[in-house]
Amino acid sequence: MRRNRPEQTRALLEKLTQLHSAPELAGRSRAVVEVLEMIAGSGDFRAAPALLKFALDRDQGTSECAAGAIQRLLSGISPLDLVSLDQSARKMGGWESDLDRKSRWASRTIRRIRALGASATSVAGIASFHQSGFTREAATRELARLSDGGSLPFLLIRANDWVDPVRKTARRAIQKSLPSRTPDDLVRSLPLILRLRECGRDDHEGLVSALLKRLVADASKPAVATGITSADRAISRGCLTIAMEQKWFTHCRGALTSSDSVVRLLAARFLLTALPEEGAWTLAGTLAADSWPGVREVALRTVIERSPRDLRARLEAGLLDRAGTIRQLAGYYAQKMLNLDLAAYYRTQIAKGHVIAGSVLGLGEHGTVEDALPLLPCLEHSMPSIQRFALRSMARLDLAGSAPLLSAALQSDLPGVSNEAREILRDHSEFADRRALETALLSDSPIHVRLNALQVLSRVGKWPSIRTLLLAVAADPDALLEAATSRIEHWLRRFNSSAARATNDELLEIRERLREARGRLSDRLCDAVESCLSRP
């Protein structure tokens, strides 16, 4: 669900308040319900606390619709989102009209929740976030009365309340309901259970241990396995932690297919350490193809440190890895254990036509100036990524000699190749072909080429850069005007960081460009630039 922007939700809440407080007119109730439906469909769960007073309204239609809206807004949000909502809810306005701070009125008002049916738990949970301790205590007692699994997250949050009676009420409710809680209930609330270990308002270790004891039982294994595959990262990582502590190897192997890279990494570290040497060696071979470099690095380290069979093949695969950390690790051990000449190895790979990211980048990392020439054909490779990596390696090996190629590559129709050249030349603008880039800037080249040329030319020196920026202002595309304006403002802020003086010819040309830019550039910026030109 696409979430509304905060200002959209705020406008709906203001409209709802105006309608609700207006005199009773025909159609008012229907209009209130329509706005509540719009808020419920907004996906912005931060609006739920502001709907509490409507959920406890004496008008049954308004009450039921607002309660349903709260339930929809809270459905599917993560347990830790509830913690964030608890902390932010008390900073919001709009609580006071229906919830009196006195204990007697708080209890009476909260008891209206019992008539809300399926929405009662969500409404009671939001009421437990109230700024009044009396109201939080009454809402917590109501949550204790409800037996569904949805009450547990709210009770776990209140178990660390700063008011002692509220904490005690929540703890008693959790302990009393624990035998009836299903493993799935506990898994869904696992991030909040583990969070109590970090909370300091009370000693929660006994309560946490009792809850986790249920989860490590054999009956909870299916729920933990399902939790490892959860889209909620906190649940997934918490369940994996339990599986590793209990040495549930099947669960940990299942975690290797998780979409969460951290879960895969944690599972890989555990299995590669805990499994026998043969199993670790086989698993390391499988993990060498993982999409995340961190997992591949752990797999390579395992081969090197635990089972160095087929070491050369594994290290050579690492030398050709796309990730620099893997190449660096493999290179260190290839030199140390195999006495391998890395520069010669990468030259051989390129000469054989084995042109991939690892070989091109590796030659750039270990080659010499003479190795830039063999990479020249890579600039015509069918894959833009290889062209980008070739530019990077050639610049690293021979920046001065590659400068014309970089200026030409910046004018490429391929945005990725142009961006790579921009990144190199931006930090080494002294090697840029200013005339070629200025021509590209003022031509009908693709907008990414013109913007990249502008970025490089804005670094060529204090006075040449402002001349180019003013030229860009007079160009047609609005995107170029916006970028040039932003960089002129930056130039003005950094004016005194350089003591370079402009020649008379430079000042004359810059003033001419400034006159041309008036009308497209704000008077404020034009006057500021003119002031800088007039300084002695």
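See the structure printed just above.
Just so it is clear, the model here is predicted, and its values are computed rather than measured.

A. Structural view of the overall build of the protein. Along its length, the protein carries 32 helices and zero strands. Its C-alpha atoms give the protein a radius of gyration of 32 Å, clearly above 24 Å, the size a compact globule of 536 residues would have. Projected onto the principal axes, the alpha-carbon positions of the protein cover approximately 85 × 70 × 40 Å. Going through the 536 residues of the protein one by one, you find that 49% of them count as buried. Summarising the internal contacts of the protein: among those between residues at least 6 apart in sequence, 65% fall at separations of at least 24. For the protein, the accessible surface area stands at approximately 25900 Å², while carbon and sulfur atoms represent 51% of it. Charge-centre separation for the protein: the mean point of 76 positive side chains lies 6 Å from the mean point of 63 negative side chains.

B. View of the pattern of salt bridges. Evaluation of the coordinates by the stated rule reveals 33 salt bridges. A salt bridge links R141 to E137; the shortest N-O distance between them is 3.4 Å. Here R141 and its partner E137 are both found in helix α8 (residues 133-145), four residues apart, which amounts to about one turn of the helix. The exposure class assigned to R141 is partly exposed, which follows from its relative accessible area of 39%. Among the salt bridges present, the one from E420 reaches R392, with a minimum N-O distance of 3.0 Å. Residue E420 is found in helix α26 (residues 415-427), and its partner R392 is found in helix α24 (residues 384-397); the two are separated by 28 residues along the sequence. Each member of the salt-bridge network shares a partner with another, and the members are E438, R467, E509, R513 and E516.

C. Structural view of the packing of aromatic side chains. Tallied over the entire structure, the rule returns seven aromatic pairs. Judged by centre distance (5.8 Å) and plane angle (50°), the rings of F129 and F154 are tilted. A residue pair is termed long-range when its members are at least 10 positions apart, and F129 in the loop between α7 (120-127) and α8 and F154 in helix α9 (residues 152-158) qualify at 25 residues. Measuring from ring centre to ring centre gives 5.8 Å for W463 and W491, while their planes differ by 70°; the resulting arrangement is edge-to-face. With W463 in helix α29 (residues 462-473) and W491 in helix α30 (residues 478-493), this residue pair connects regions lying 28 residues apart in the sequence. Exposure class is identical for W463 and W491. Each is buried. The ring of W281 has R309 sitting right over it, with the charged end atom 4.3 Å from the ring centre.

D. View of the nonpolar core. Of all hydrophobic cores here, the largest spans 165 residues; its most connected members are I39, L51, L74, I113, V123 and I466. Discounting chain neighbours no more than four positions away, the residues touching I466 are I488, W491, I510 and V529.

E. Region of the structure containing the packing of helix α4 (residues 60-74) against α7. For the pair α4 and α7, the least separation of the axes is 8 Å and the interaxial angle reads 80°. With respect to α7, the axis of α4 lies roughly perpendicular. Between α4 and α7, the residues in contact are A67, I70, Q71 and L74 and S122, V123 and I126, respectively. For the contact of α4 with α7, a count of residues per class yields five nonpolar, two polar and no charged.

F. Region of the structure containing the side chain of S359. Its location among the elements puts S359 in helix α23 (residues 357-366). A distance of 2.8 Å separates the side chain of S359 from the backbone oxygen of H354, its partner in a polar contact. S359 has contacts with L320, Y346, Q349, I350 and H354, leaving out every residue within four places of it along the chain.

G. Broad picture of the environment of A66. Looking at the secondary structure, you find A66 in helix α4. Setting aside residues up to four positions removed in sequence, A66 forms contacts with L36, L51, F54 and A55.

H. Fine view of helix α5 (residues 79-89). Those residues of α5 not exposed but buried are P79, L82, V83, L85, D86 and A89. On an axial view of α5, the arc spanned by its buried residues comes to 165°, and they lie on one face. Turning to α5, the residues buried within the fold contact α4, α7, α9, α11 (183-188), α12 (190-195) and α15 (233-245).

I. Broad picture of the packing of α26 against helix α28 (residues 447-457). The contact between α26 and α28 brings their axes to 9 Å, and the two run at 5°. Compared by their axis directions, α26 and α28 come out roughly parallel. Every residue of α28 that contacts α26 at P415, S418, N419, R422, L425 and R426 is listed here: H448, V449, N452, Q455 and V456. Looking at the contact of α26 with α28 residue by residue, the class counts come to four nonpolar, five polar and two charged.

J. Structural context of α15. Compared with the 18 Å implied by 1.5 Å per residue over 13 residues, the 18 Å span of α15 between its first and last C-alpha is a close match. Three or more residues of α15 are buried, namely I235, S236, G238, C239, L240, I242, A243 and M244. Of the residues that open α15, the one with a side-chain oxygen 2.9 Å from the backbone nitrogen of A234 is D232. Residue K247 follows α15 closely and has a positive phi angle near 55°.

K. Quick look at unusual backbone geometry. In this model, K247 sits at a positive phi of 55°, which is unusual for a non-glycine residue. As for its position among the elements, K247 is in the loop between α15 and α16 (249-255). The class of K247 is exposed, set by a relative accessible area of 52%. At D310, a position not held by glycine, the phi torsion is positive, near 55°.

L. Spatial organisation of the side chain of S119. With respect to the element layout, S119 can be found in the loop between α6 (103-110) and α7. For S119, the side chain forms a polar contact with the side chain of Q71, separated by 3.1 Å. With sequence-adjacent residues up to four places away left out, S119 is seen in contact with A67, G68 and Q71.

Rules behind the numbers
- Residues numbered from 1 in each chain as written.
- Predicted model: local features only at pLDDT ≥ 70, side-chain atom pairs only at ≥ 80, totals over all residues.
- Heavy atoms only, no water.
- Helix = DSSP H or I, 4+ residues; strand = E, 2+ residues; numbered from the N terminus.
- Rg over C-alpha atoms; globule rule 2.2 N^0.38 Å.
- Buried < 20%, exposed > 50% of the residue type's maximum accessible area, 1.4 Å probe, protein only.
- Contact = heavy atoms within 4.5 Å.
- Areas by Shrake-Rupley, 256 points an atom, 1.4 Å probe, with all protein chains shown as cover.
- Lys, Arg positive; Asp, Glu negative; His and termini not counted.
- Charge placed at Lys NZ, Arg CZ, Asp CG, Glu CD.
- Salt bridge = Lys/Arg side-chain N within 4 Å of Asp/Glu carboxyl O.
- Phe/Tyr/Trp six-rings, centres within 6.5 Å; stacked < 30°, edge-to-face > 60°.
- Lys NZ or Arg CZ within 6 Å of the ring centre and 35° of its normal.
- Core = buried A, V, L, I, M, F, W, Y, C linked by side-chain atoms within 4.5 Å.
- Axes fitted to C-alpha atoms, helices over the stretch in contact; angles between N-to-C directions.
- Parallel < 35°, antiparallel > 145°, perpendicular 65-115°, else oblique.
- Nonpolar A, V, L, I, M, F, W, Y, C, P; charged D, E, K, R; others polar.
- Polar contact = N/O pair within 3.5 Å; in protein donor to acceptor, adjacent residues only side chain to side chain.
- Arc of directions from axis to C-beta.
- Expected span 1.5 Å × (residues − 1).

Shape is all these values report; function is a separate question.
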